[in-house]
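One-letter residues, chain by chain:
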4 protein chains.
Amino acid sequence: MIKVGVLGATGAVGQRFVQLLAEHPWFELTTLTASDRSAGKVYRDVVNWRLEVPFPEKAGGIRISPTTKESLKDVDLVFSALPAEVAADVETMCAANGVAVCSNASSHRMEADIPLVVPEVNPDHLGLIDVQKDKGRDGFIVTNPNCSTIVLTLSLAPLRSYPFTDLRVATMQAISGAGFQGVAAMAIYDNVIPYIGSEEEKMETESLKILGKFDGSGIVNAPFRVSASCHRVPVIDGHTMAVWLDIKEPVDKVVRAFRDYKPPIHGLPSQPAKSVEYLDQPDRPQPRLDRGKGNGMTVSVGRVREGLRYVTMGHNTIRGAAGASVLNAELIYTRKYL
Amino acid sequence: MIKVGVLGATGAVGQRFVQLLAEHPWFELTTLTASDRSAGKVYRDVVNWRLEVPFPEKAGGIRISPTTKESLKDVDLVFSALPAEVAADVETMCAANGVAVCSNASSHRMEADIPLVVPEVNPDHLGLIDVQKDKGRDGFIVTNPNCSTIVLTLSLAPLRSYPFTDLRVATMQAISGAGFQGVAAMAIYDNVIPYIGSEEEKMETESLKILGKFDGSGIVNAPFRVSASCHRVPVIDGHTMAVWLDIKEPVDKVVRAFRDYKPPIHGLPSQPAKSVEYLDQPDRPQPRLDRGKGNGMTVSVGRVREGLRYVTMGHNTIRGAAGASVLNAELIYTRKYL
Amino acid sequence: MIKVGVLGATGAVGQRFVQLLAEHPWFELTTLTASDRSAGKVYRDVVNWRLEVPFPEKAGGIRISPTTKESLKDVDLVFSALPAEVAADVETMCAANGVAVCSNASSHRMEADIPLVVPEVNPDHLGLIDVQKDKGRDGFIVTNPNCSTIVLTLSLAPLRSYPFTDLRVATMQAISGAGFQGVAAMAIYDNVIPYIGSEEEKMETESLKILGKFDGSGIVNAPFRVSASCHRVPVIDGHTMAVWLDIKEPVDKVVRAFRDYKPPIHGLPSQPAKSVEYLDQPDRPQPRLDRGKGNGMTVSVGRVREGLRYVTMGHNTIRGAAGASVLNAELIYTRKYL
Amino acid sequence: MIKVGVLGATGAVGQRFVQLLAEHPWFELTTLTASDRSAGKVYRDVVNWRLEVPFPEKAGGIRISPTTKESLKDVDLVFSALPAEVAADVETMCAANGVAVCSNASSHRMEADIPLVVPEVNPDHLGLIDVQKDKGRDGFIVTNPNCSTIVLTLSLAPLRSYPFTDLRVATMQAISGAGFQGVAAMAIYDNVIPYIGSEEEKMETESLKILGKFDGSGIVNAPFRVSASCHRVPVIDGHTMAVWLDIKEPVDKVVRAFRDYKPPIHGLPSQPAKSVEYLDQPDRPQPRLDRGKGNGMTVSVGRVREGLRYVTMGHNTIRGAAGASVLNAELIYTRKYL
């Protein structure tokens with residue numbers, strides 16, 4: 001068993017990590033970090049468990065560590081649910097001390113030698129781990145994209161053989177994306193907020209890196225343009241997106257591409273039976289009904305129409321955050337980087 | 001005072017008509033129609049008033065008529081809130097009997113000699129009334145567009161001097177657009193439904209007619225293409241839209257066009273101080289905070305960004321339905337068609 | 001394996017039955033009935049699956065039967081999710097033809113020889129099955145209470161040794177209680193509806209029967225009075241209730257009674273580890289966070305205060321409907337009535 | 001015109017004060033205070049206006065003052081929307097410096113010489129102003145109750161001639177009661193929170209003072225007991241309550257008492273046509289449909305049933321907060337205390 005830890009284990013994404021790791025077949029959850037005032041107490045006593053799934057009792061007794069070199073010395077890999085402003089330095093410290101870092105934070109995503117990975121989309125980008133090692137790092141950092149970008153790029157995976165140059169995407173994003181305290185009820189109830197800080201920029205830049213080519217030393221961005229319009233809607237979990245692509249293929253051929261899609265990876269514990277599932281009903285996907293597919297790891301697609309238009313939806317805190325990092329870690333493990 | 005009636009006065013749009021007409025300075029509300037089983041009773045006793053504004057007591061004592069030639073003989077103009085399948089014949093009957101019809105129903109919108117009017121956008125299309133009269137009609141029919149199309153085309157009014165050929169629009173539409181019973185709570189709560197029957201088709205065809213040219217005998221459609229993706233979100237009133245246009249002008253020039261916009265009509269009682277209002281805050285417009293602007297008749301615009309992208313929002317049952325018809329009637333009156 | 005069927009398998013409660021029975025260890029789901037126009041088609045093709053859990057593929061291929069004597073001849077037990085007005089006759093017909101009926105419908109609940117059972121509360125009331133048999137019935141009918149009444153009476157089970165005479169309960173009930181189409185979004189969004197037809201009457205009468213005594217031939221109602229005030233709130237699943245009882249015991253003793261509660265039944269497959277769970281946090285139970293406890297079969301209790309007041313909450317379509325009937329059937333099976 | 005100020009003008013209640021005072025016929029809004037970093041800027045530039053009514057431009061140019069003796073020297077009366085922990089000292093300072101204070105804060109409500117007033121219920125309690133003056137205060141403090149308590153006590157006003165000794169009330173309270181940032185969307189969406197800090201205690205103590213008797217020097221509490229259970233529900237504005245009273249009068253007599261109720265005060269500008277309105281429909285009052293009655297100042301009552309039970313509802317930030325204070329100020333003015 002690989003010994004793993006979670007950095008920032010009490011927040012919204014941190015709780016998802018603990019949920020997903022408590023009974024993991026390959027990883028043993030041994031270490032949890034949180035703010036200094038929690039250090040020394042057991043997880044059960046410091047976390048305000050807010051997920052709808054039962055509290056994972058197995059993790060309840062883990063004593064909270066401070067995030068120091070010392071406290072991480074017996075850990076092989078850490079999952080980072082830290083806020084971006086804290087993550088930058090802490091993750092670098094971990095990697096310098098021989099720890100593998102799978103990070104959900106945005107701090108390092110766009111750095112040239114950091115892989116930004118969606119396992120079904122660009123598993124070969126893990127080659128950048130060797131680039132990091134060549135520079136003398138003991139450990140390494142692998143990141144997963146922003147939640148919206150993961151859903152979008154995974155929905156693009158079945159379409160990679162149809163080159164496109166222009167992509168427009170309008171998102172309808174869930175409130176959980178902003179964390180437990182991120183959106184006030186008075187702000188979003190009976191409302192749409194047509195703005196999410198930095199979200200459009202992330203979708204527009206991260207997508208190009210993910211769909212880009214690894215040339216042995218770095219990533220050559222994919223040659224298309226993304227124009228995003230991001231909106232918060234009163235939905236708890238599940239980001240829905242309307243996508244336009246300048247693909248000229250007929251609708252039925254595109255539908256078939258979605259239906260026949262087989263990802264290039266297999267057998268990872270967190271990988272769903274279908275990474276991308278095409279739904280035939282005219283009014284799907286819907287976040288409340290479809291976000292649970294594949295234990296939250298399946299991205300649903302529907303309504304392919306001329307234009308070329310389609311709708312896609314995925315669970316933002318599972319497939320779009322904690323689950324994404326865990327799947328990255330599973331891929332890293334099978335590729336012998338641990 | 002012009003004597004007016006409302007056809008279908010008990011539904012969601014019908015109630016809005018009664019609200020807007022009960023104290024109208026030019027129109028005297030004398031006639032209300034509803035289903036046969038209500039005929040003969042007074043409005044107060046048959047309507048289940050569901051609007052957040054107080055019941056207009058002045059209309060409470062109006063006795064419900066059946067929708068017959070006889071019952072409309074003293075009325076100059078009727079507003080139609082009928083469902084499309086009923087509206088087709090009833091409205092034709094009214095017009096044949098010398099009554100002016102301002103209809104919110106979709107039945108006649110796309111007919112060649114029926115004006116489809118947003119007063120600030122294409123007031124000259126009322127010229128089609130003469131075409132109808134020339135064909136021997138005693139009365140006439142004027143329609144207003146679908147709720148989403150009104151908000152979209154009004155937001156385009158300030159941009160007409162910048163020709164564009166491609167428009168993409170993703171809507172986030174309120175539940176009131178489907179009527180009081182149209183959307184089940186179990187269907188939309190904590191959810192997005194990425195499909196509204198016929199809505200995309202309406203936006204894609206009606207927009208071209210509204211922004212088209214009246215050549216004295218008919219409408220020449222505007223030469224652009226609309227690609228719509230329509231979604232229902234858990235919002236009570238107010239349709240929000242993300243719009244992309246292939247306009248190459250710089251952002252600040254487009255913002256100025258929105259700010260400086262002056263509509264070609266003036267002084268109508270239902271016309272708001274600003275038909276289009278540009279909002280500077282980065283997170284506006286928002287339906288809950290902005291749908292009440294101009295008593296629900298102002299369309300708000302914000303977030304103009306390169307792309308060219310912007311967000312627009314308007315009240316779907318006021319500006320997008322009953323208020324639209326009333327404004328049409330006011331324009332018709334000032335143009336001496338009554 | 002006992003062969004079972006579901007009557008009315010496509011509605012909200014019917015879908016829950018199918019979910020709970022598809023993989024049941026004791027019951028084999030062989031028969032599903034629905035409206036006549038569905039008969040002959042397979043379940044997968046007629047149901048509009050609306051639950052957040054994945055569709056149970058195992059049940060997908062079952063061919064829909066009409067609800068006739070013929071179609072039920074190989075079934076040992078049926079679960080009835082029929083609407084009350086249909087249930088009355090159909091259930092009687094089933095029982096007359098040797099089928100055991102576990103019904104969620106209200107039609108027969110208050111009849112003198114029909115058990116109205118919550119397994120943890122009044123398992124001995126199943127003795128009424130013998131009364132039914134003595135009257136010459138081949139099969140029999142067992143009912144479960146109304147959803148609110150189940151949650152209330154289960155919360156009272158730990159308090160039965162403290163006699164009380166007056167109970168007041170204010171409910172905050174979920175929209176799923178009215179079925180998929182029962183509550184319009186426009187009616188309940190940003191709203192409370194302080195009325196649910198017949199609900200108060202059901203709570204006030206059913207509770208007395210359930211907590212009453214079986215004397216060998218009939219039920220003697222419990223000697224207390226229930227005064228209910230029922231309200232619909234914008235929650236998807238989970239009925240929350242504020243309860244007042246004229247119990248004079250100190251708060252800590254009552255809390256202990258909840259904590260120490262052991263139900264009189266054991267080992268039923270659908271029975272949760274804790275039928276009643278006391279929550280210490282001052283702001284619990286909450287429907288979104290606690291309705292999933294015990295796979296939806298646990299009733300949560302919290303906030304015991306002087307008065308005597310407490311708050312209780314349970315999943316209305318699982319513990320309060322389909323799950324209640326399934327648990328009844330399991331109890332019936334272990335008591336050798338099948 | 002009386003010169004008035006608002007202390008804490010940028011929060012949820014502060015904004016309501018500004019809305020209600022901007023065009024007041026008797027009061028001239030001259031002074032607004034907010035946090036130190038806002039001082040010196042104009043209101044328009046510091047407030048993030050979050051109400052659904054348009055921003056009151058007339059108040060937009062008022063320059064924010066610090067809350068000092070100096071800045072209040074030209075003001076006759078201040079409305080306090082300060083948080084309780086700040087309000088205690090600031091309000092005392094104002095009163096010491098000759099300013100009349102109408103406070104929505106809880107700090108001073110239960111002090112022996114401070115009137116806790118609902119104008120229609122206990123206008124004579126203003127006699128405590130003389131008690132304050134006798135102690136040497138230059139100005140004085142008058143408070144209004146907690147939002148839930150106002151709605152409850154106003155609903156009791158028509159029933160004062162039927163003595164009762166026990167009152168139970170279950171509240172379903174709106175999120176606006178906690179301020180703009182008070183309730184996270186993740187906490188309340190699809191949920192009920194059965195706890196609001198100190199709310200039950202406030203209802204249980206304030207009600208007795210309000211319905212108590214002023215004996216010339218102090219208040220003798222009313223001789224009944226209140227037992228409250230307070231719950232937050234996903235409603236924007238409007239607190240709904242289920243009330244039980246040990247009144248033995250027949251239902252129709254109680255309904256008549258509600259219908260015939262005439263408050264003991266008249267002609268105050270903020271006083272609605274009906275302070276208490278009885279609604280006949282079986283499913284009313286409802287917060288979304290009824291909170292706007294009387295411009296938010298009417299408390300609605302419905303569903304009187306044996307028990308004695310009824311449901312009441314009022315707008316919590318208008319009737320229950322800012323509007324309550326303004327109405328108090330109007331009463332104070334007509335009673336010549338200014």
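Being a predicted model, the structure only gives us computed values, none of them experimental.

A.B. asks: Lay out the nonpolar core with the relevant residues and their values.
C.D. replies: One finds A:Phe79, B:Phe79, C:Phe79 and D:Phe79 to be the most contacted residues of the largest nonpolar core, which totals 213 residues. Excluding anything up to four places from it in sequence, A:Phe79 contacts A:Val4, A:Gly5, A:Val6, A:Leu7, A:Phe17, A:Leu21, A:Phe27, A:Cys102, A:Ser325, A:Val326 and A:Ala329.

A.B. asks: Provide a residue-level description of the interface of chain A and chain B, including the pertinent values.
C.D. replies: In this assembly, 42 residues from chain A lie in contact with 42 residues from chain B. With both sides pooled, the region where chain A packs onto chain B buries about 3400 Å², and carbon together with sulfur makes up 52% of that total. On the chain A side of the contact with chain B, A:Asp190, A:Trp244 and A:Arg288 bury the most area, a combined 20% of that side's loss. For the interface between chain A and chain B, the tally reads ten salt bridges. Residues B:Arg305 and A:Glu200 are paired through a salt bridge, measuring 2.7 Å at the closest nitrogen-oxygen approach. When residues of the side of chain A that touches chain B are traced back to their parent elements, those giving at least two are strand E7 (166-173), helix H7 (185-188), helix H8 (199-210), strand E10 (225-232), strand E11 (239-245), helix H10 (287-290), strand E13 (299-305) and strand E14 (309-314) of chain A. Looking at the side of chain A that touches chain B, the element that brings in the most residues is E10(A), giving six residues. Broken down by class, the residue content of the side of chain A that touches chain B amounts to 22 nonpolar, seven polar and 13 charged.

A.B. asks: Break down the relation of the copies chain D and chain C for me, citing the residues and quoting the values.
C.D. replies: With an RMSD of 0.0 Å, chain D superimposes on chain C once it is rotated by 180 degrees and translated 0.0 Å along the axis. Look at the turn and shift together and you get a two-fold axis relating the two. Looking at the interface residues of chain D, 100% of them are also at the interface in chain C, so both copies use one shared face.

A.B. asks: Just give me the short version of the relation of the copies chain A and chain B, but keep the residues and values in it.
C.D. replies: Relating one copy of the chain to the other requires a rotation about an axis plus a shift along that axis. When chain A is brought onto chain B, the operation consists of a screw motion whose angular component is 180 degrees and whose axial shift is 0.0 Å, with 0.0 Å RMSD remaining. Take the interface residues of chain A: 100% of them recur as interface residues in chain B, which is what a same-surface contact looks like.

A.B. asks: Which residues make up the interface of chain D and chain C, and what are the values?
C.D. replies: Each partner contributes to the interface: chain D provides 42 residues, whereas chain C provides 42 residues. Counting the surface lost from both chain D and chain C, the interface buries some 3400 Å², and carbon and sulfur atoms represent 52% of this. Among the residues chain D hides against chain C, the three largest losses belong to D:Asp190, D:Trp244 and D:Arg288. Together they make up 20% of the total. Remark: the boundary between chain D and chain C carries ten salt bridges. Between C:Arg291 and D:Asp190 there is a salt bridge, and its shortest N-O distance comes to 2.8 Å. If you look at where chain D meets chain C, you find 30 residue pairs in polar contact (both at pLDDT 80 or more).

A.B. asks: An account of the packing of helix H6 (residues 147-156) of chain D against helix H8 (residues 199-210) of chain D is needed here, citing residue identities and associated values.
C.D. replies: Residue and element names in this part refer to chain D. In the contact formed by H6 and H8, the axes pass within 9 Å of each other and the chain directions differ by 45 degrees. Between H6 and H8, the interaxial angle falls into the category oblique. Of the two possible hands of crossing, H6 and H8 adopt the one that is right-handed. Residue-level contacts link Cys-147, Ser-148, Thr-149, Leu-152 and Thr-153 of H6 to Glu-199, Lys-202, Met-203, Glu-206, Ser-207 and Ile-210 of H8. Residues that form the contact of H6 with H8 fall into these classes: four nonpolar, four polar and three charged.

A.B. asks: Account for the pattern of salt bridges, with residues named and values stated.
C.D. replies: Evaluated as defined, the whole model comprises 68 salt bridges over all chains. B:Glu204 serves as the salt-bridge partner of A:Arg309, at 3.0 Å between the closest nitrogen and oxygen. Pair noted here: A:Arg309 is in strand E14 and B:Glu204 is in helix H8 (residues 199-210), and the two residues belong to different chains. Across the pair D:Asp237 and D:Arg16 runs a salt bridge, and its minimum N-O distance is 3.7 Å. Residue D:Asp237 is found in the loop between strand E10 (225-232) and strand E11 (239-245), and its partner D:Arg16 is found in helix H1 (residues 12-21); the two are separated by 221 residues along the sequence. For the pair shown, D:Asp237 and D:Arg16 are each scored as buried. Connected via shared salt-bridge partners are A:Glu200, A:Glu204, B:Arg303, B:Arg305 and B:Arg309.

A.B. asks: Go over the packing of aromatic side chains, please, and point to the residues and values.
C.D. replies: Residue and element names in this part refer to chain A. Applying the stated criterion across every chain, the model contains 46 aromatic pairs over all chains. Residues Phe-27 and Tyr-333 carry aromatic rings whose centres are separated by 6.5 Å and whose planes lie at 80 degrees to one another, so their mutual orientation is edge-to-face. Of this pair, Phe-27 sits in strand E2 (residues 27-33) while Tyr-333 sits in helix H11 (residues 318-334), placing them 306 residues apart in sequence. Connected via pairs of aromatic rings, a cluster forms that spans Phe-17, Trp-26, Phe-27, Phe-79 and Tyr-333. Taking NZ or CZ as reference, Arg-50 lies 4.9 Å from the ring centre of Phe-180, over its face.

A.B. asks: Describe the sheet that holds strand E13 (residues 299-305) of chain C, listing the residues and the values that go with them.
C.D. replies: Residue and element names in this part refer to chain C. Strand order across the open sheet formed by six strands is E10-E7-E11-E14-E13-E12, with mixed pairing between neighbours. Each end of this open sheet is capped by a strand with a single partner; those strands are strand E10 (225-232) and strand E12 (276-279). Between one strand and the next, the sheet's axes are offset by a mean angle of 20 degrees, whatever the strand orientation. Here strand E7 (residues 166-173) pairs with E10 via eight bridges, running parallel. Residue pairing for E10: Asp-166 is matched across the bridge by Arg-225. The strands touched by helix H6 (residues 147-156) within the sheet are E7, strand E11 (239-245), E12, E13 and strand E14 (309-314), with E11 carrying the most contacts at an inclination of about 50 degrees.

A.B. asks: Tell me what's going on with unusual backbone geometry, and back it up with residues and numbers.
C.D. replies: The residue after A:Arg284, namely A:Pro285, is reached through a cis peptide bond having omega 5 degrees. Along the chain, the position of A:Pro285 falls in the loop between strand E12 (276-279) and H10. Of note, the phi angle at B:Lys336 is positive, near 65 degrees, even though the residue is not glycine. As for its placement among the helices and strands, B:Lys336 is situated in the segment after helix H11 (318-334).

A.B. asks: Quick one: what's the story with the sheet that holds strand E12 (residues 276-279) of chain D, residue by residue and with numbers?
C.D. replies: Residue and element names in this part refer to chain D. The strand order across the open sheet built from six strands is E10-E7-E11-E14-E13-E12, with neighbouring strands paired in mixed fashion. At either end of the open sheet lies a strand with only one pairing partner, and these are E10 and E12. Averaged over all pairs of adjacent strands, the angle between strand axes in this sheet comes to 20 degrees, irrespective of strand direction. Sheet analysis places strand E7 (residues 166-173) next to E11, joined by six bridges and oriented antiparallel. Counterpart to Met-172 in the pairing with E11 is Thr-240. In the packing of H8 onto the sheet, the strands contacted are E7, E10 and E11, and the crossing angle to E10 comes to about 145 degrees.

A.B. asks: Could you give me a rundown of the environment of B:His24, with the residues and numbers involved?
C.D. replies: Residue and element names in this part refer to chain B. Along the polypeptide, His-24 turns up in the loop between helix H1 (12-21) and strand E2 (27-33). Along the chain, His-24 and Pro-269 lie 245 residues apart, while their C-alpha atoms are 8.1 Å from each other. Apart from the residues within four sequence positions on either side, His-24 is in contact with Met-1, Pro-269, Ser-270, Val-326 and Glu-330. For His-24, the side chain forms a polar contact with the main-chain nitrogen of Phe-27, separated by 3.2 Å.

A.B. asks: Let's hear about the domain arrangement of chain A: which residues, and what values?
C.D. replies: Residues and elements named next belong to chain A. Domain boundaries assigned for chain A yield domain 1 (2-145 + 321-334) and domain 2 (147-315). Centre-to-centre, using C-alpha coordinates, domain 1 lies 24 Å away from domain 2. Tallying the contact residues gives 38 residues for domain 1 and 38 residues for domain 2. Of the roughly 2800 Å² buried at the junction of domain 1 and domain 2 (both faces included), carbon and sulfur atoms supply 68%. Seen at the junction of domain 1 and domain 2, the total is two salt bridges. There are ten residue pairs in polar contact (both at pLDDT 80 or more) connecting domain 1 and domain 2. Sorting the residues of the side of domain 1 that touches domain 2 by element identifies helix H1 (12-21), helix H5 (128-134) and H11 as the ones contributing at least two each. Per-element accounting of the side of domain 1 that touches domain 2 gives the leading share, eight residues, to H11. Tallied by class, the residues present in the side of domain 1 that touches domain 2 amount to 19 nonpolar, eleven polar and eight charged.

Here is what the cut-offs are and how they apply
- Residues numbered from 1 in each chain as written.
- Chains lettered and ligands numbered in written order.
- Predicted model: local features only at pLDDT ≥ 70, side-chain atom pairs only at ≥ 80, totals over all residues.
- Heavy atoms only, no water.
- Core = buried A, V, L, I, M, F, W, Y, C linked by side-chain atoms within 4.5 Å.
- Buried < 20%, exposed > 50% of the residue type's maximum accessible area, 1.4 Å probe, protein only.
- Contact = heavy atoms within 4.5 Å.
- Buried area = accessible area lost by both parts, 1.4 Å probe.
- Salt bridge = Lys/Arg side-chain N within 4 Å of Asp/Glu carboxyl O.
- Helix = DSSP H or I, 4+ residues; strand = E, 2+ residues; numbered from the N terminus.
- Nonpolar A, V, L, I, M, F, W, Y, C, P; charged D, E, K, R; others polar.
- Least-squares fit on C-alpha atoms with pLDDT ≥ 70 in both.
- Polar contact = N/O pair within 3.5 Å; in protein donor to acceptor, adjacent residues only side chain to side chain.
- Axes fitted to C-alpha atoms, helices over the stretch in contact; angles between N-to-C directions.
- Parallel < 35°, antiparallel > 145°, perpendicular 65-115°, else oblique.
- Left-handed = near helix turned anticlockwise from the far one by under 90°.
- Phe/Tyr/Trp six-rings, centres within 6.5 Å; stacked < 30°, edge-to-face > 60°.
- Lys NZ or Arg CZ within 6 Å of the ring centre and 35° of its normal.
- Pairing = 2+ DSSP bridges.
- Domains from an automatic or database assignment.

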